[in-house]
Each structure stands twice: as C-alpha cells, then as structure tokens.
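# Working through the structure, step by step
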Amino acid sequence: MLTKMKLKKGDTVIVNTGAEKGKKGTILDIDRKTGKVTVKDINVRTKHVKARKQGQESGIIKVEGPIYASKVSYFCEKCGKGVRLGVKVNEDGTKSRYCKSCNEMK
Ligand SMILES: [Zn+2]
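What you see is a predicted model; the values in this text were computed from it and never measured.

The rules we used
- Residues numbered from 1 in each chain as written.
- Predicted model: local features only at pLDDT ≥ 70, side-chain atom pairs only at ≥ 80, totals over all residues.
- Helix = DSSP H or I, 4+ residues; strand = E, 2+ residues; numbered from the N terminus.
- Rg over C-alpha atoms; globule rule 2.2 N^0.38 Å.
- Buried ≥ 20, exposed ≤ 12 C-beta atoms within 10 Å, placed from the backbone.
- Pairing = 2+ DSSP bridges.
- Contact = placed C-beta atoms within 7 Å.
- pLDDT = per-residue confidence, 0-100.

### Here we look at the overall build of the protein
Within the protein, the regular secondary structure consists of zero helices and ten strands. Secondary structure elements in the protein, listed N-terminal to C-terminal, are β-β-β-β-β-β-β-β-β-β. For 106 residues, the compact-globule estimate of 2.2 N^0.38 gives 13 Å, and the protein exceeds it by more than 25% at 17 Å. C-alpha extents for the protein along the principal axes are approximately 55 × 30 × 25 Å. Counting the 106 residues in the protein, one finds 14% classified as buried.

Printed below as a string of structure tokens:
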C-alpha cells in the first residue's frame, strides 16, 4: 500500500519522538512503499567498509537509516516548530503545500 506523504526530498523536518526527538535534518530520500524517510544526520549508523578497489579508503562510514515518516514533522521556519502541511489544489490542477499553522506556502 502506498503511503500518502506530503513530504519531499530536501524538506527540513524535525523528529517528534524517540531518542532523537527535537533534532532537525533535511530529507535525503523518501520510500513511499514503506512510508519511510531518510533524514540527514538522523538515525545514523556506523558501517565498517573495506576498500575493494585501489585508492578507495577503508574504515568507518556513517549511514543514515530510514525512519517512519510519521516520526517526523515538516519544520516551518516561520513558525519555528514542526507543523502539519495542508495541500491546496490550484485552479490549473497543480497542488501547493502550505503550513497549517501560519498558512505560508511551501
Ligand atoms: Zn508555519
């Protein structure tokens, strides 16, 4: 089942729950099938990598793990907090997102 998601890549979101509550980050990737988002510097796991090719460095790299989109909210700069987004359908059929708190178009 596809999850209805109003978030887009590049959006700034804030974590609502869990150990990283209150942290902000930018959406790097969205998986609409699982309803998960990958957010920069959130849910970071360290991974050990071995150099496979010459010139490639081995060591520890950091990888963001996907988290459920329901755990994050869109961060509205104007409101200074996590908000809910609404969607307006324009006259030409295109959709615009807006902040439900301050009504600013996003
Ligand atoms: Zn707002």
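From this point on, the discussion continues.
### With respect to the sheet that holds strand β6 (residues 67–68)
Strand-to-strand pairing in sheets goes through backbone hydrogen bonds, with the strands running parallel or antiparallel. Pairing is antiparallel in the open sheet, where six strands are placed in the order β6-β3-β2-β1-β7-β8. The outermost strands of the open sheet, each flanked by one partner alone, are β6 and β8 (81–83). Summarising the sheet, strand β7 (residues 72–76) and β8 pair through three bridges and their orientation is antiparallel. In the strand pairing of β8, Y74 is matched with V83.

### Considering the environment of D11
Tracing the chain through its elements places D11 in the segment before β1 (12–15). Looking at D11, the number of C-beta atoms within 10 Å reads 19, which means it is partly exposed. D11 sits 27 residues away from T38 along the chain, and the two C-alpha atoms are 11 Å apart. Beyond its immediate chain neighbours, meaning those up to four positions away, D11 contacts I27 and Y74.

### Digging into unusual backbone geometry
Not every positive phi belongs to a glycine, and N43 is a case in point at roughly 55 degrees. The residue N43 is located in the loop between β3 (36–39) and β4 (44–49) in this model. For N43, a count of 20 C-beta atoms within 10 Å puts it in the buried group.

### Quick notes on the confidence of the model for the protein
The predicted coordinates should not be examined in detail at positions where pLDDT is low. Of the residues in the protein, 96% reach a pLDDT of 70 or more, and the chain-wide mean stands at 92. Element-level pLDDT for the protein is lowest in β4, with a mean of 89, against a maximum mean of 98 in β1.

### Quick word on the pairing of strand β10 (residues 95–99)
Examined bridge by bridge, strand β9 (residues 85–89) and β10 share five bridges and lie antiparallel to one another. Residue pairing in the sheet places K88 in a bridge with S96 of β10. Adjacent in sequence and paired antiparallel, β9 and β10 are bridged by five residues, among which G93 carries a positive phi angle near 90 degrees.

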